[in-house]
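Topology and contacts: notes
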Amino acid sequence: MTELLPPTVTTPPPVHLWDLEDVPEMEFDPFLARQLREEPVSRIRLPYGTGHAWLVTRYEDVRLVTSDPRFSRTEVAGKDVTRMSPHQVAANEAVGYADPPEHTRLRRTVAKAFTSRRVDSLRVRARRIADELADTMADHGPPLDLVAHLHRPLPMAVTSELMGVPEPDRPALARCTELILSAAHSREDSERAQQEIQAYFGTLLQSRAGERGDDVAALLAAELAQGHLSEGEAVALAVTIQISGLHAVTNNSANMVYLLLTRPGLWDRLRSDPAVLPAAVEELLRYIPHRRGVGIGRIATEDVAVGEVVIPAGDIVYASYLTANRDPAAFEDPDRIDFDRTDNAHVSFGHGQHHCLAAMLARMESEVMLSTLLRRFPDLRLAVPAEEITWTPRPLIRGPRALPVAW
Ligand code: FLV
């Protein structure tokens, strides 16, 4: 009698060295596009750290990896895994590295600051700030850099008011943010910036102890006093909200305006049909390749089948929201910007437990910036040829360094 064959043993796929060259303007990374098309679950090596990881690109597979408890964020914290930057961006205690039930506990402590009621009240503030910034722009006159005049100051003001960061402290936090959310600086410089911003929020939270208030610093100080989180957890939460709120919205809203002013018909469409703005923001969120490369990985705690492969227990997995948003199985004609798209279930704010807590706030800020520009500067245009715009080198989050505009 012949022996039964062992279960199918598949040889693992080759490991691709992903060069992560900066991609021009808002173009999609050609490596990511190729993997989605030709090898949707593959293995990669990134510029820093050791070993290799899996890269999952299809919409359904990305949703599996980011919501299935067999993939752990906590397991990856503090490990020298193959990664995008010399340093680890978020602290080990950060919410981004937490699995349930710790994740649920951490998120709950700040959830009150992100309710739709709070976003509505911040919208009133954001509109006022945007109008003041537009006044300054009008006084200055064209040409000017829209990143410096709008995309940076508005999210800076909104995030800092949400946090309870006083005005004079804000520029130093912005400098730390640039050093932390980048792969272009040395590990030492980025880690020094992390220490500086952690020390800042440690002191801020101590100074707010016993105070009443609905900003994040007051909330965290109260939760800390009640023993709902450790000091390290509170500080890491504050740092995550501050740096992400500032950096993500600044870059993404600038990318939105860049696309609106360079892709034929988009600005005119918004001008003639302002009611389409919320759908336009959703579509731009879907289309914009927000980040370079990948973010925080996960570790498989058991063997898990993903698409055609089995990811073995212990391996690192990166899920790409960028490719999920361009998956033709999920979006018709995915490489086209279409404000009339229906069923735009993009994953630009993530999926599963770690879905962005501030998604509503981020949308609101972008809507306020765009509607203010449309109302106050309907003839807005780039002041230089698009090829002359310079982009942040070796970024984690892509965006123009400056956006010279005229009207
Ligand atoms: O891009 C990253 C990032 C962005 C951010 O706003 C907060 C973060 O903690 C991170 C991160 O940890 C890793 C990134 O690549």
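Please refer to the structure higher up on the page.
Not measured: the values here are computed from a predicted model. (Residues numbered from 1 in each chain as written. Predicted model: local features only at pLDDT ≥ 70, side-chain atom pairs only at ≥ 80, totals over all residues. Heavy atoms only, no water.)

For the coordinates displayed, the defined rule picks out 5 aromatic pairs. Aromatic side chains tyrosine 200 and phenylalanine 201 sit 5.1 Å apart centroid to centroid with 85° between the ring planes, which places their arrangement in the edge-to-face category. Comparing tyrosine 200 with phenylalanine 201, the two get one shared label, buried. When the ring of tyrosine 258 is compared with that of tryptophan 391, the centres are 4.8 Å apart and the planes differ by 85°; the resulting orientation is edge-to-face. On the criterion of sequence distance, the pair formed by tyrosine 258 in helix H10 (residues 231-262) and tryptophan 391 in the loop between strand E10 (381-382) and strand E11 (404-406) is long-range, its members being 133 residues apart. Tyrosine 258 sits in the buried class, given a relative accessible area of 1%. (Phe/Tyr/Trp six-rings, centres within 6.5 Å; stacked < 30°, edge-to-face > 60°. Buried < 20%, exposed > 50% of the residue type's maximum accessible area, 1.4 Å probe, protein only. Helix = DSSP H or I, 4+ residues; strand = E, 2+ residues; numbered from the N terminus.)

Strands sit in the order E1-E2-E3-E9-E6-E4 across an open sheet of 6 strands; the sheet is mixed. Here the strands that pair on one side only, and so sit at the sheet edges, are strand E1 (15-17) and strand E4 (71-72). Here strand E6 (residues 298-300) runs beside strand E9 (residues 316-319); their pairing, made up of 2 bridges, is antiparallel. In the strand pairing of E9, arginine 298 is matched with valine 317. Packed on one face of the sheet, helix H2 (residues 59-67) meets strand E2 (41-45), strand E3 (53-56), E4, E6 and E9 and runs near 125° to E9. (Pairing = 2+ DSSP bridges. Contact = heavy atoms within 4.5 Å. Axes fitted to C-alpha atoms, helices over the stretch in contact; angles between N-to-C directions.)

Following the criterion strictly, the structure yields 31 salt bridges and no others. Between arginine 170 and glutamate 167 there is a salt bridge, with the nearest N and O atoms lying 3.9 Å from each other. Across the pair arginine 271 and aspartate 268 runs a salt bridge whose closest N-O atoms are separated by 3.2 Å. Of this pair, arginine 271 and aspartate 268 are both found in helix H11 (residues 266-272), 3 residues apart, which corresponds to roughly one turn of the helix. The class for arginine 271 is partly exposed, based on a relative accessible area of 36%. By relative accessible area, aspartate 268 is classed as partly exposed at 45%. A cluster of three or more residues bridged by salt bridges with shared partners is formed by Asp131, Asp135, Arg375 and Arg376. (Salt bridge = Lys/Arg side-chain N within 4 Å of Asp/Glu carboxyl O.)

The environment of the ligand is formed by Val89, Ala90, Leu181, Ser244, Arg291, Val294, Gly295, Ile296, Leu396 and Ile397. The side chain of serine 244 places a nitrogen or oxygen atom 2.7 Å from an oxygen atom of the ligand. Protein contact buries 83% of the 340 Å² of open area that the ligand shows by itself. When the residues that make up the shell around the ligand are grouped by side-chain class, the tally is 7 nonpolar, 2 polar and 1 charged. (Near = heavy atom within 4 Å. Polar contact = N/O pair within 3.5 Å; in protein donor to acceptor, adjacent residues only side chain to side chain. Areas by Shrake-Rupley, 256 points an atom, 1.4 Å probe, with all protein chains shown as cover. Nonpolar A, V, L, I, M, F, W, Y, C, P; charged D, E, K, R; others polar.)

Moving on, we come to the side chain of glutamine 242. Considering the arrangement of structural elements, one finds glutamine 242 in helix H10. Glutamine 242 has contacts with Thr159, Ser160, Met163, Val165, Leu173 and Phe201, leaving out every residue within four places of it along the chain.

Moving on: unusual backbone geometry. Along the chain, proline 100 connects to proline 101 via a cis peptide bond; the corresponding omega equals 5°. Assignment of secondary structure puts proline 101 in the loop between E4 and helix H3 (102-111). Look at the link from proline 142 to proline 143: it is a cis peptide, with omega at -5°. Its identity is not glycine, yet leucine 20 carries a phi of approximately 55°, on the positive side.

For the rest of this paragraph, the subject is the environment of arginine 363. Position of arginine 363 relative to the elements: it lies in helix H14 (residues 359-376). Taking the C-alpha atoms as reference, arginine 363 lies 8.7 Å from valine 249; in sequence the two are 114 residues apart. When residues no more than four places from it in sequence are discounted, the contact partners of arginine 363 are Glu282, Leu285, His346 and Phe349.

Position of histidine 346 relative to the elements: it lies in the loop between helix H13 (321-324) and H14. Classification of histidine 346 as buried rests on a relative accessible area of 11%. Contact partners of histidine 346, with chain neighbours within four places excluded, come to Glu282, Leu285, Arg286, Asn325, Phe331 and Arg363.

Let us look at the sheet that holds E10. Ordered by their spatial adjacency, 3 strands build an open sheet running E5-E11-E10, and the pairing between neighbours is antiparallel. For this open sheet the edge positions go to strand E5 (144-145) and E10, each flanked by a neighbour on one side alone.

Once that is clear, we can look at the nonpolar core. In terms of nonpolar packing, the biggest core is built from 86 residues, with Leu146, Phe201, Phe339, Leu361, Leu373, Leu380 and Leu403 touching the most fellow members. Top contributing element to this core by residue count: H10, with 15 residues. Contacts of leucine 403, omitting those with residues within four sequence positions, involve Leu144, Asp145, Leu146, Val147, His151, Ala254, Val257, Tyr258, Leu382 and Ile389. One finds Trp18, Val81, Ala236 and Leu396 within the second-largest nonpolar core, a separate group that totals 23 residues. (Core = buried A, V, L, I, M, F, W, Y, C linked by side-chain atoms within 4.5 Å.)

Two numbers describe how H10 lies on H14: the axes approach to 10 Å, and their chain directions differ by 40°. For the element pair H10 / H14, the angle class is oblique. Handedness of the crossing formed by H10 with H14: right-handed. For the pair H10 and H14, contact is made by Val249, Ser253, Met256, Val257 and Leu260 and by Ala362, Glu365, Ser366, Met369, Leu370 and Leu373, respectively. Within the contact of H10 with H14, the residues separate by chemical class into 8 nonpolar, 2 polar and 1 charged. (Parallel < 35°, antiparallel > 145°, perpendicular 65-115°, else oblique. Left-handed = near helix turned anticlockwise from the far one by under 90°.)

This next bit is on H14. Quick reminder: α-helices carry 3.6 residues per turn. Residues three or four places apart thus point the same way. Look at H14: 26 Å from first C-alpha to last across 18 residues, which is about the 26 Å you get at 1.5 Å a residue. With 13 of its 18 residues buried, H14 lies for the most part within the structure. (Expected span 1.5 Å × (residues − 1).)

Just distances and angles here, no functional claims.
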